[in-house]
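If you want the building blocks of each chain, they are given just below.
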Amino acid sequence: MPRGAEPYHVRSGGGSRRLGARELKCRRAGEAGSSVMARRALKLVSLAAAASGIYLYGNKFLDPNDFGVVRVGRAIATTAVITYDYLTSLRSVPYGSEEYDFLKSQIKELFVSFEDTPLGAASLAQVHKAVLQDGRTVAVKIQHPKVQAQSSKDILLMEVLLLVVKQIFPDFEFMWLVEEAKKNLPLELDFLNEGRNAEKVAHMLRNFDFLKVPRIYWELSTRRVLLMEFMEGGQVNDRAYMERNGINVNEISRNLGKLYSEMIFVNGFVHCDPHPGNVLVKKCPASGKAHIILLDHGLYQVLSESFRMDYCHLWQALIKADMKRVQKYSQRLGAGDLYPLFACMLTARSWESVNRGIDRSPVSASEDVEIRSNAAAYLPQITQLLNNVPRQMLLLLKTNDLLRGIESALHTRASASSFLNMSRCCIRAVSTYQRSKSHSLYRRAQISLAEALSLWQINLYELFLWLKGSQLGNWVIALLSRMHHSMY
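Residues numbered from 1 in each chain as written. Predicted model: local features only at pLDDT ≥ 70, side-chain atom pairs only at ≥ 80, totals over all residues. Heavy atoms only, no water.

Concerning the packing of helix H12 (residues 339-347) against helix H15 (residues 379-388)
Keep this limit in mind: Under this scheme, a helix contributes an axis fitted over its contacting stretch, all axes are lines through C-alpha atoms, and angles between N-to-C directions fall in the 0 to 180 degree range. Here a helix means four or more residues in a row that DSSP labels H or I, a strand means two or more in a row labelled E, and each is numbered from the N terminus. In what follows, roughly perpendicular refers to angles from 65 to 115 degrees, roughly parallel to angles under 35, roughly antiparallel to angles over 145, and oblique to any angle outside these ranges. Should any heavy atoms of two residues lie within 4.5 Å, those residues are considered in contact.
Contact geometry of H12 with H15 gives a least axis separation of 11 Å together with a crossing angle of 85 degrees. Considering the angle they form, H12 stands roughly perpendicular to H15. Judged by residue contacts, Leu341, Phe342 and Met345 of H12 engage Gln381, Ile382, Leu385 and Leu386 from H15.

What to know about unusual backbone geometry
The condition is simple: When accessible area is computed with a 1.4 Å probe and restricted to protein chains, residues below 20% of their type maximum are described as buried, those above 50% as exposed, and intermediate ones as partly exposed.
Phi angles above zero are rare outside glycine, and Ala321 is one such case at about 60 degrees. Of note in this structure, Ala348 is not a glycine but carries a positive phi near 55 degrees. The residue Ala348 is located in the loop between H12 and helix H13 (351-356) in this model. Classification of Ala348 by relative accessible area gives buried; the value is 14%.

Overview of the packing of helix H10 (residues 305-320) against H12
Formally: Under the scheme applied, nonpolar residues are Ala, Val, Leu, Ile, Met, Phe, Trp, Tyr, Cys and Pro; charged residues are Asp, Glu, Lys and Arg; polar residues are all the others, including Gly.
It is at 12 Å that the axes of H10 and H12 come closest, and there the two elements cross at 85 degrees. Between H10 and H12, the interaxial angle falls into the category roughly perpendicular. Listed contacts from H12 to Tyr311, Leu314, Trp315 and Leu318 of H10 are Phe342, Ala343, Leu346 and Thr347. Of the residues belonging to the contact of H10 with H12, the class tally is 7 nonpolar, 1 polar and no charged.

Here it is, written out as structure tokens:
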């Protein structure tokens, strides 16, 4: 019998009965009708999307939420997308089965309440707060209806425009933008992939008790709708929020550095969109500890082992101001003769500071001005460099810049502790790699001993810095100075 002619069964009491042709036709018509209604509702999405466009890009003189049609339009779009996705998922479920009835009941009775105004909105999706029937407060991430269909056209348009720019300005190489968009956009549009990333990073960094990642509700999620645990807090760059809530700014900056150093150097699985809206902070009322909440897990970079080792060695050389090794590992990462520029881009420091040691002196206002003014002069070389480095480097550069912006907002930029944490992660990563390649028990023991010694030296140096900056340290130094003078 053809698949489309398979008989449907419906449960009746304790058993089941076969549907008659007329009843089956009516039921199928009802199902088709629901799907048609969802599709018709989706047609209204274009109006809602236009309204959302005003919401996203409107200025302060016009608040579109004042218009009821905007709120209604957005609610229609939200309901339509959810309904359509669930109806689509029902197509493979036998009509009248327990699973069918369960999913259908979810469509009708999923939420107790649903806030029309999004908590956040971007080009791909918007997030709403809602309460499920069982009382759980959730965040509902909903993809804008036409994004999937429009994305390929947008990439094609980008490719055409960049080809035109290439013809006018031959020195500028930006085609890597198209390559990255083609690779990353489909992953960002698959919310199930985002959910998997969230669970992976939560498991990977489970030893960090300050990190919180929203739990994913898989039974209620689709490729275009993601339901997750609702978490709230202040943005990670909001220093005033932290001061009001008794959150230690330096602790947050240190923990954020630990988090990303672990992802980049040790695990090679990196959350690449740490803009302030995706990284929240909140003080736990029970423990008094400050938590970092990591959101939006659609964009991750997976680093190959060889790239990760070269990147570890490069940062170790930058921290130690070992210029020969900086040149060596920069060139291994595709920088060629532009390695001084590459080092400056990675550290956001001047070449003079890189030579002196990036942990030796804080960033000054004059150095920032120098870097910004030189950036325009070196734009052709920067575009050449971006075109030559491995594709894995591109998202890391973006991540570095976003993290540096957060540090600047918190006034914790380029602190010695951040470099020490990076050094620890680099040492651990390189030692783990070396042990995995060694077949000698004696050699593995040597590597472990060298690793322990290096980490101990860093801990000792960190203790010295803490004493130097503390009242106790000043008292000890003063006491030693008096003892020295009394002896002579």
